Amino acid sequence: MFCHTNCYLYSIERQNTNKIFHSSFSSEHTMSSGDNKQLQTLTKPALHEKEAIELTERVFGLKVSEIRALPSYDDQNFHVRVTRKEGIEDCADDYVLKIINSEDSQNPELIEVQTRIMIFLNAEGFPSAVPHLTKDGNIMSLESIGTGSLTKKYMVRLLTYLPGTPLAKCPTNPQILYEIGKLAARLDRVLSEKFHHPLVKSLHRGKFIWNLANVPLLDQYIHALGQSEYREVVSQVIQQFKEKILPNLSNFRACINHGDINDHNILVDSNPASSLETAQYRVSGILDFSDMSYGYYVFEVAIAIMYMMIESKDPLSVGGHVLAGFESIVPLTPEERGALFLLVSSRFSQSLVVAAHTLQLYPENQEYLMITARVGWKHLVQLFEVGQEAVEKIWFETADTYAHAARA
């Protein structure tokens with residue numbers, strides 16, 4: 001049987017809730033550049049377990065001993081256990097079989113470079129999954145699945161198992177927030193300085209809705225908020241972004257962004273002897289590289305701060321600890337620091353507007369769609385009520401305390 005403490009599988013399930021916010025933006029999601037197309041519905045695979053077993057054994061040459069479907073939204077995932085030696089139950093390996101939706105499968109270059117990045121980061125010592133090669137020695141395989149006119153092509157990968165507990169299941173403390181900030185900076189820096197691949201150009205995703213540079217695209221979907229006070233707040237964020245961020249992008253340092261460092265995409269291990277209040281965490285896994293794109297260092301830290309705020313009991317304090325960790329690797333310039341408050345607010349706006357729009361399209365998925373929104377609106381409104389100056393004072397004084405301690 002599958003181990004009931006297998007927290008990585010929980011994380012694989014949970015990371016897909018974030019994909020719900022991406023699902024209706026399939027045209028941008030699959031483009032490296034180009035026009036902003038109309039919203040489309042992704043074509044999700046619908047394999048039965050028997051078909052997934054056959055696929056795993058035929059494509060990857062592995063003998064499946066157990067399989068279990070994992071909840072997902074636009075792709076289809078299975079937890080697969082394979083036997084390395086017949087008759088010995090303990091000799092088994094765990095994988096995640098990922099069957100990518102037919103829309104995204106049409107962009108193999110983007111999927112390949114994302115997978116190559118996972119391999120590269122793993123070789124650099126980052127805890128990222130890597131693909132198990134197909135029988136032909138490839139990192140992925142485009143498979144025709146179905147019969148007759150219903151046959152579609154799906155990109156298939158088999159990714160290695162990662163141990164750990166999703167950060168969303170752990171009480172956060174300053175130590176892990178600092179580590180998340182440090183991880184985000186290390187990841188972006190090593191990718192920008194050392195990763196070279198002919199397909200890296202596919203990360204220039206001009207109209208990708210989740211790149212922070214594209215906040216003005218929210219104008220097309222803000223109607224989903226109705227005539228509420230929330231719409232007024234988001235309208236202010238978008239307008240300020242156009243006035244203060246867009247003209248100054250050239251002042252920010254460019255890099256490759258992971259783009260989705262949230263509490264469901266980070267796995268951690270903790271010292272079992274420590275208490276909840278003083279737990280010391282170690283990042284044991286980084287998941288979900290599908291939002292990668294070219295951006296800026298300050299984008300990454302803003303995204304990390306926003307998502308770490310979601311589950312925190314003291315959300316306004318989060319930014320200082322995450323920023324301190326980030327700046328221990330990549331100190332921000334004055335211009336980048338000055339943009340941070342608005343960028344965090346912009347990421348909240350992206351998540352909340354897209355969730356509201358997608359809820360109109362898929363009302364049956366309200367429980368998933370509103371995960372961020374349940375507390376996201378409260379945090380965004382609080383940021384504006386407290387004001388940029390006061391919030392920055394909290395963040396920067398906290399971050400500077402770390403820096404002073406390091407110099408002492």
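That block above? That's the structure.
Residues numbered from 1 in each chain as written. Predicted model: local features only at pLDDT ≥ 70, side-chain atom pairs only at ≥ 80, totals over all residues. Heavy atoms only, no water.

**Notes on the overall build of the protein**
- A tally of helices and strands in the protein yields 12 helices and 10 strands.
- Within the protein, the fraction of its 408 residues that count as buried is 57%.
- Excluding contacts between residues fewer than 6 apart, the proportion of contacts in the protein whose partners are at least 24 apart in sequence is 75%.
- Surface exposure of the protein reaches about 17,300 Å², of which carbon and sulfur atoms provide 50%. (Helix = DSSP H or I, 4+ residues; strand = E, 2+ residues; numbered from the N terminus. Buried < 20%, exposed > 50% of the residue type's maximum accessible area, 1.4 Å probe, protein only. Contact = heavy atoms within 4.5 Å. Areas by Shrake-Rupley, 256 points an atom, 1.4 Å probe, with all protein chains shown as cover.)

**Some remarks on the environment of Thr151**
- The topology assignment puts Thr151 in the loop between strand 4 (141-145) and strand 5 (152-160).
- The residues contacting Thr151, other than those within four sequence positions of it, are Ser144, Ile145 and Gly146.
- Within polar-contact distance, the side chain of Thr151 engages the backbone oxygen of Gly146 at 3.4 Å. (Polar contact = N/O pair within 3.5 Å; in protein donor to acceptor, adjacent residues only side chain to side chain.)

**With respect to the pattern of salt bridges**
- Under the defined criterion, the tally for this structure stands at 12 salt bridges.
- The residue Asp219 makes a salt bridge to Lys242 at a minimum N-O spacing of 2.6 Å. With a gap of 23 residues between them, Asp219 in the loop between helix 5 (174-194) and helix 6 (229-245) and Lys242 in helix 6 connect regions that are remote in the sequence.
- For Lys242, a relative accessible area of 31% gives the class partly exposed.
- When the shortest N-O distance is used, the salt bridge between Arg253 and Glu336 registers 2.6 Å. (Salt bridge = Lys/Arg side-chain N within 4 Å of Asp/Glu carboxyl O.)

**Considering the layout of surface pockets**
- Approximately 250 Å³ is the volume attributed to the largest pocket.
- Listed by contribution, the elements that provide at least two residues to the lining of the largest pocket are helix 5 and helix 8 (315-327).
- Broken down by element, the lining of the largest pocket gets its largest block of residues, three residues, from helix 8.
- Looking at side-chain class alone, the lining of the largest pocket contains five nonpolar, five polar and three charged residues. (1 Å grid on protein atoms, 1.4 Å probe; cavity = no way out; pocket = protein on both sides within 12 Å on 5 of 7 lines; lining within 4 Å. Points joined across faces, edges and corners; volume = space filled by probe spheres on them. Nonpolar A, V, L, I, M, F, W, Y, C, P; charged D, E, K, R; others polar.)

**What to know about the pairing of strand 5**
- Relative to strand 5, strand 4 runs antiparallel, the two being bridged by five bridges. Within the sheet, the bridge partner assigned to Leu142 lies in strand 5 and is Met155.
- Connecting strand 4 to the antiparallel partner strand 5 that follows it, the hairpin turn spans six residues, and Gly146 within it adopts a positive phi of roughly 120 degrees. (Pairing = 2+ DSSP bridges.)

**Here we look at the packing of helix 9 (residues 334-361) against helix 12 (residues 388-407)**
- The contact between helix 9 and helix 12 brings their axes to 10 Å, and the two run at 120 degrees. In terms of axis orientation, helix 9 runs oblique to helix 12. In the crossing of helix 9 with helix 12, the sense of the turn from one axis to the other is right-handed. For the pair helix 9 and helix 12, the contacting residues are Arg337, Gly338, Leu340, Phe341 and Val344 in the first and Gln388, Val391, Glu392, Trp395, Phe396, Ala399 and Asp400 in the second.
- Grouping the constituent residues of the contact of helix 9 with helix 12 by class yields seven nonpolar, two polar and three charged. (Axes fitted to C-alpha atoms, helices over the stretch in contact; angles between N-to-C directions. Parallel < 35°, antiparallel > 145°, perpendicular 65-115°, else oblique. Left-handed = near helix turned anticlockwise from the far one by under 90°.)

**Let's talk about the side chain of Asn173**
- With respect to the element layout, Asn173 can be found in the loop between strand 6 (165-166) and helix 5.
- Overall, Asn173 belongs to the buried group, its relative accessible area being 8%.

**Focus: the sheet that holds strand 9 (residues 281-286)**
- On the basis of which strands lie adjacent, the open sheet formed by three strands has the order 6-8-9 and antiparallel pairing. Each edge of the open sheet is held by one strand with a lone partner, namely strand 6 and strand 9.
- Against the sheet, helix 5 contacts strand 8 (266-270) and strand 9, and its axis sits at roughly 40 degrees relative to strand 9.

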